[in-house]
Amino acid sequence: MAVSQVASQTSSRVFCLNGDFAGVSSSAKGRIISSVSCRGGAPSSLSSPLTVSNSRRSKGGRKSDLRPRVQVPRRAGVTIEAVIGVEKKVDGGAGSKGDEAPPVKQPGVEAAQVPSMDVDSVTEAELKENGFRSTRRTKLVCTIGPASCAPEQLEALAMGGMNVARLNMCHGTREWHTQVIRNVRSLNSEKGYSVAIMMDTEGSEIHMGDFNGAPSVKAEDGEEWIFTVRKLDSLPERTTVVNYDGFAEDVKIGDELLVDGGMVRFEVIEKIGPDVKCKCTDPGLLLPRANLTFWREGRLVRERNAMLPTISSKDWIDIDFGIAEGVDFIAISFVKTSEVIKHLKSYINARAPNGSIGVFAKIESSDSLKNLEDIIRVSDGAMVARGDLGAQIPLEQVPSVQQGIVNVCRELNKPVIVASQLLESMIEYPTPTRAEVADVSEAVRQRADALMLSGESAMGLFPEKALSVLRTVSLRMEEWCRENKAHASDRLPELSSALHDRISENICNSASQMANRLGVDAIFVYTRRGYMASLLSRSRPDCPIFAFTDTQAVRQRLNLQWGLIPFRLDLSGDMESNLRRTFALLKARGMMKKGDLIVAVSDISTSDVMQSIQVRRIP
Ligand SMILES: Nc1ncnc2c1ncn2[C@@H]1O[C@H](COP(=O)(O)OP(=O)(O)OP(=O)(O)O)[C@@H](O)[C@H]1O
Ligand SMILES: CC(=O)C(=O)O
Ligand SMILES: [K+]
Ligand SMILES: [Mg+2]
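Rules of the game
Residues numbered from 1 in each chain as written. Chains lettered and ligands numbered in written order. Predicted model: local features only at pLDDT ≥ 70, side-chain atom pairs only at ≥ 80, totals over all residues. Heavy atoms only, no water. Helix = DSSP H or I, 4+ residues; strand = E, 2+ residues; numbered from the N terminus. Buried < 20%, exposed > 50% of the residue type's maximum accessible area, 1.4 Å probe, protein only. Contact = heavy atoms within 4.5 Å. Areas by Shrake-Rupley, 256 points an atom, 1.4 Å probe, with all protein chains shown as cover. Near = heavy atom within 4 Å. Polar contact = N/O pair within 3.5 Å; in protein donor to acceptor, adjacent residues only side chain to side chain. Nonpolar A, V, L, I, M, F, W, Y, C, P; charged D, E, K, R; others polar. Donors = N, O, S within 2.8 Å, 3.2 Å for Na, K, Ca; no water. Phe/Tyr/Trp six-rings, centres within 6.5 Å; stacked < 30°, edge-to-face > 60°. Lys NZ or Arg CZ within 6 Å of the ring centre and 35° of its normal. Domains from an automatic or database assignment. Buried area = accessible area lost by both parts, 1.4 Å probe. Salt bridge = Lys/Arg side-chain N within 4 Å of Asp/Glu carboxyl O. Core = buried A, V, L, I, M, F, W, Y, C linked by side-chain atoms within 4.5 Å.

From N to C terminus, the protein includes 21 helices and 26 strands. Out of the 619 residues in the protein, the part that is buried amounts to 57%. Across the protein, the fraction of contacts at a sequence separation of at least 24, relative to all contacts at a separation of at least 6, is 71%. Roughly 24700 Å² of accessible area belongs to the protein as shown, and the carbon and sulfur atoms make up 52% of that amount.

With respect to spatial proximity, 18 residues lie near ligand 1, and among them Arg-166, Asn-168, Lys-362, Asp-388 and Ser-454 are the closest. One nitrogen or oxygen atom from the side chain of Lys-362 is found 2.9 Å from an oxygen atom belonging to ligand 1. For ligand 1, the accessible surface in isolation is 610 Å², of which the surrounding protein chains cover 86%. Where the shell around ligand 1 is concerned, the elements lending two or more residues are strand S6 (164-168) and helix H16 (455-458). Across the shell around ligand 1, the residue classes break down as 8 nonpolar, 6 polar and 4 charged.

Taken together, Asn-168 (OD1), Asp-200 (OD) and Thr-201 (O) make up the protein donors of the potassium ion (ligand 3), found 2.7 to 3.0 Å from the metal. Each donor residue of the potassium ion (ligand 3) belongs to the same chain, with the gaps between them written as N-x31-D-T.

A few words now on the packing of aromatic side chains. As enumerated under the stated definition, the model contains 13 aromatic pairs in all. Within the aromatic cluster, the residues linked to one another by ring pairs are Phe-524, Tyr-526, Phe-546, Phe-548, Phe-567 and Phe-583. In this structure, Arg-174 packs its charged tip against the face of Phe-321, placed 4.2 Å from the ring centre. Over the ring of Tyr-347 we find Arg-351; its NZ or CZ atom is 3.7 Å from the centre of that ring.

A separate point is the domain arrangement of the protein. Looking at the assigned domains, one finds that the protein contains domain 1 (3-129 + 492-617), domain 2 (135-203 + 308-483) and domain 3 (217-302). Facing 32 residues of domain 1, the contacting portion of domain 2 comprises 35 residues. Of all residues in domain 1, the largest losses of buried area upon contact with domain 2 belong to Arg-540, Leu-560 and Trp-562, amounting jointly to 28% of the total for that side. Put simply, Arg-540 and Asp-449 hold a salt bridge, and the shortest N to O gap is 3.2 Å. Counting across the interface, domain 1 meets domain 2 through 16 residue pairs in polar contact (both at pLDDT 80 or more). When residues of the side of domain 1 that touches domain 2 are traced back to their parent elements, those giving at least two are helix H4 (121-130), helix H19 (531-538), helix H20 (552-558) and strand S24 (564-568). Taken together, the residues of the side of domain 1 that touches domain 2 break down into 17 nonpolar, 8 polar and 7 charged.

Tracing the sequence through the fold places Ser-537 in helix H19. Residue classification places Ser-537 among the buried residues on the basis of a relative accessible area of 1%. Sequence-distant contacts of Ser-537, that is, excluding residues within four places in its chain, are made with Asp-449, Ile-545, Gln-561, Trp-562 and Leu-564.

A separate point is the pattern of salt bridges. Summed over the entire model, instances satisfying the criterion amount to 35 salt bridges. Beyond isolated ion pairs, a larger network of salt bridges with shared partners links Arg-166, Asp-200, Lys-362 and Glu-364.

Near ligand 2 you find Arg-166, Lys-362, Glu-364, Met-383, Ala-385, Arg-386, Gly-387, Asp-388, Ser-420 and Met-452, and these make up its full shell. In this structure, an oxygen atom belonging to ligand 2 sits 3.0 Å away from a side-chain N or O atom of Glu-364. With respect to ligand 2, the side chain of Asp-388 contributes an N or O atom lying 2.8 Å from an oxygen atom. Computed on the free molecule, ligand 2 has an accessible area of 220 Å², of which 90% lies beneath the protein chains in the complex. Among the elements of the structure, strand S19 (381-385) and helix H13 (386-392) are those that each provide at least two residues to the shell around ligand 2. At 3 residues, H13 tops the list of elements feeding residues into the shell around ligand 2. Here the residues of the shell around ligand 2 sort into 3 nonpolar, 2 polar and 5 charged.

This part is about the nonpolar core. In this structure, Ile-144, Met-162, Ile-319, Ile-405, Leu-423 and Leu-451 are the most contacted members of the largest nonpolar core, which totals 70 residues. Of the residues forming this core, the biggest block, 7 residues, is contributed by helix H17 (residues 463-483). Those residues in contact with Ile-319 that lie beyond four places of it in its chain are Met-199, Thr-201, Ile-311, Ile-330, Ile-332, Leu-344 and Tyr-347. Of all hydrophobic cores here, the second largest spans 27 residues; its members include Ile-206, Ala-219, Val-241 and Cys-278.

What follows is the structure, given as structure tokens:
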């Protein structure tokens, strides 16, 4: 389809307010019909014809020293360097309504009229201290447990950069979870953090019980243990309960039982009614409710497990609890097909305002790998749950599968969390192994949206130290990637075939590319549903993305996406007014200063200019 056809079909035109924009040929002055491609052909969509010839970057801090060739003085003293927009014709008029000045208000006055712009207080402090460019792009998730549930422990994690608190419904009582949610919420409201909450379902996995309240129990080599399906109030020594009633019936003598994917191993030696006697063949620490898989003749026994529902009746009760508590994300364990995600999403939509809870698919079974694309397509994001995944597929396949899942998520524009054992040794020790640092770095280099701590923050001795390792390793690797232009040749396939979405996608890809070439300080996006913000995040630009949205739920959900700094702000339909107000508020709070250069895009369209890219210098 030719560009002109596209344009006529949508009554859209591409224009450039400032025809002298650097690098644009003079023949294109005034109207650049082809400057933003609305056509297919993914790779080329990333290489916008807008080549900016005089893009220069200074060494220190990489602040751009690009001077506008023509500065068009505009309203309220704001300098517009360039505007490139896709205009939606509403009334057949030729002019852009964007040129019509809305009522001019002084920035200071507006700031006073709009008292609040909410942004995470830790991010705000980092921005002020280190400047835009050095903010962390990779998001951090902490599993909350006995080592991190008290208000002061949660606050230490929030201060340390926790973006999302994860509650694993395998553990803890309803009261305990309610209290943790309450603690996080009060920290957010009292101290200005914006920690989101993720609920992780138990799923129909087979796991051990608790050990009379002990944090862990050692199983020694050659020891005989009883695995029982009896409901015991108090456990005799070397005994554990198994939560799955069919267990004693299903296992066979000679089967191997793997605890947490092989951290500890047992061999079945005798069946005695509801009890199964096993010998420890690989010693190690047994954690409460550790996951169990059983293997026969070198193969995982899956038939029984496969019969169990992905969402158990207990999970549905937990999900109702999550909806009632207004959690931001629900992660579903042991997803096998896309059907269960679709079903859950319609269940949630019928009970909670549309889209306010993000549904994440945990990829941790071989079934989920078979249906990976379908599952991710219908989910709001995914988790590479390497703990259980490593028990279901050979361990040596986990790294390449991880890279594959991260790639699919990026292609389909879904946030992805890399989880489990990132810093496992830090459960007990204050420093990580070199191999763990390499593993964390690799996930950052793969450009996963988020990294997750499990036992390290839930029941380890050093939750804050573990979080700080994730933070510093992420920052360093992100910097390395930028310095080495490690991702300059990344190609993303086109996401959608619907024209409106393709325009958004091309606008965002081009905006990111312009931002990189111009070396701007930040990209601003004004977005109601967060879609444009996610598209910008997907293109992984060199600078941070400030995402302004008017709903708290969207702001919380953007917390989990790479490179986004979400702000909650009342938005008007007029882009110019949004921009001026944001500049004033950010300057007043010391988060930006005169002369900073930004690229701005928007999907807010109450006026007839739908989507546009602007390059602005802060007045
Ligand atoms: N709410 C909690 N209460 C007590 N202990 C917890 C809690 N949450 C986690 N833990 C402890 O931390 C360990 C690791 O936590 P996590 O929830 O990530 O486990 P996991 O078994 O990897 O996850 P999953 O069950 O989803 O596969 C658990 O084995 C458990 O000992
Ligand atoms: C996080 C999780 O569920 C796993 O790694 O198995
Ligand atoms: K779980
Ligand atoms: Mg798991």
